[in-house]
Amino acid sequence: MTGQYPETRPRRLRQAPWIRRLTREHVLGVDDLVWAVVVSDRADPTEPVAAMPGVERLSVKALAKAAKEAERLGIPAIALFPHVDPAKKDAQGTEALNPDGLVAQAIRAVKDAAPGVGVICDVALDPFTDHGHDGLLQDGRILNDETVARLVEQALMQARAGCDVIAPSDMMDGRIGAIRAALEAEGFTDTLILSYAAKYASAFYGPYREAIGSATALKGDKQTYQMDPGNAEEALREVALDLSEGADMVMVKPGMPYLDIVRAVSQTFGVPTFAFQVSGEYAMIEAAAANGWLDGNRAMLESLMAFKRAGAAGIVTYYAPRAAKALG
Ligand code: PBG
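Analysis parameters
Residues numbered from 1 in each chain as written. Predicted model: local features only at pLDDT ≥ 70, side-chain atom pairs only at ≥ 80, totals over all residues. Heavy atoms only, no water. Buried < 20%, exposed > 50% of the residue type's maximum accessible area, 1.4 Å probe, protein only. Helix = DSSP H or I, 4+ residues; strand = E, 2+ residues; numbered from the N terminus. Pairing = 2+ DSSP bridges. Right-handed = clockwise from strand over helix to strand, strands pointing away. Contact = heavy atoms within 4.5 Å.

**Structural notes on the pairing of strand β4 (residues 77–83)**
At step 1: Across the seven residues of β4, seven count as buried, placing the element largely inside the fold.
At step 2: Across the two faces of β4 the burial is the same, with A77, A79, F81 and H83 and I78, L80 and P82 all buried.
At step 3: In this sheet, β4 lies alongside strand β1 (residues 33–40) in parallel orientation, the contact comprising seven bridges. Its bridge partner being in β4, V34 is matched across the sheet by A77.
At step 4: Relative to strand β5 (residues 118–123), β4 runs parallel, the two being bridged by four bridges. The residue of β5 that forms the bridge with I78 is V119.
At step 5: You can see the chain leave β4, run along helix α3 (residues 102–113) and come back into β5, and the turn it takes is right-handed.

Structure below.
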């Protein structure tokens, strides 16, 4: 395949920007970005998230402005994550189904402000439960089928509010099929499903739980529903199941520590495979950059490029606007 030195000198291809650009295998562009946005039901327009410098919780009004910014920057879609008043949380996560609640308002605000920007909504109960779990809790166990029934209602509420992409992140079994059937039955035949198919029980979600206010709420851990970090084959089984149940696109999460999974999924199934550069990945880069230990902008772009190289169709990231600006 390749010759021997000195006939072959790989450095010839690296000697100047023009030839590096010409022979580059993967390109990162604004089309690859999904902006992860935390939306809050508080009145303040913005509120900093301590563990994620540069990220703010946005009011619905501020979110509408952000949607316009996304449109201006050419970012294709926004993924919404709600921070609700703790007083609205209960054991069943009832607020998750509220057709006039924060998520429905947020969907409408984005669609009104920037109709051409795709809206992606998380389906899971954790922002709304007082115990911080993604499902219904009974005697210390997370109920699967009872949870799925509520997730279906949550997904329908989102679709009715105008959400383009339903993104179940709860890791219950059978939820993709149940949600797809319900969407078809209600005539939402064009509503996309992006399944968090391979989602691991990860320490890298730490800052997110602060961002949406479920950190103090969470009792125990999520290991009975999220995947074990030691597993790779299981990720392929999870993806196969979700595709057979009607997912249009799949997600691997977290991102950078799981690039092998991104590669395996995209190669094995040939479906649009997304990676989530989660809160902890963002926080790591920002913490090191704040200390002057690495160049934050370069680390951001390099980390995003890594997802493309691994085979990702796109990346859900808190960096989206900053990356879009850096990419020009
Ligand atoms: C919950 C959910 C989580 C994230 C997105 N949706 C956290 C969790 O499962 O505990 C994490 C996002 C991030 O860390 O940036 N269903």
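**Focus on the environment of A36**
At step 1: With respect to the secondary-structure elements, A36 resides in strand β1.
At step 2: Take A36: its relative accessible area is 4%, and that puts it in the buried class.
At step 3: Each C-alpha atom, one on A36 and one on P321, is 9.8 Å from the other, the two residues being 285 residues apart in sequence.
At step 4: Beyond its immediate chain neighbours, meaning those up to four positions away, A36 contacts A79, F81, F276, V316, T317 and Y318.

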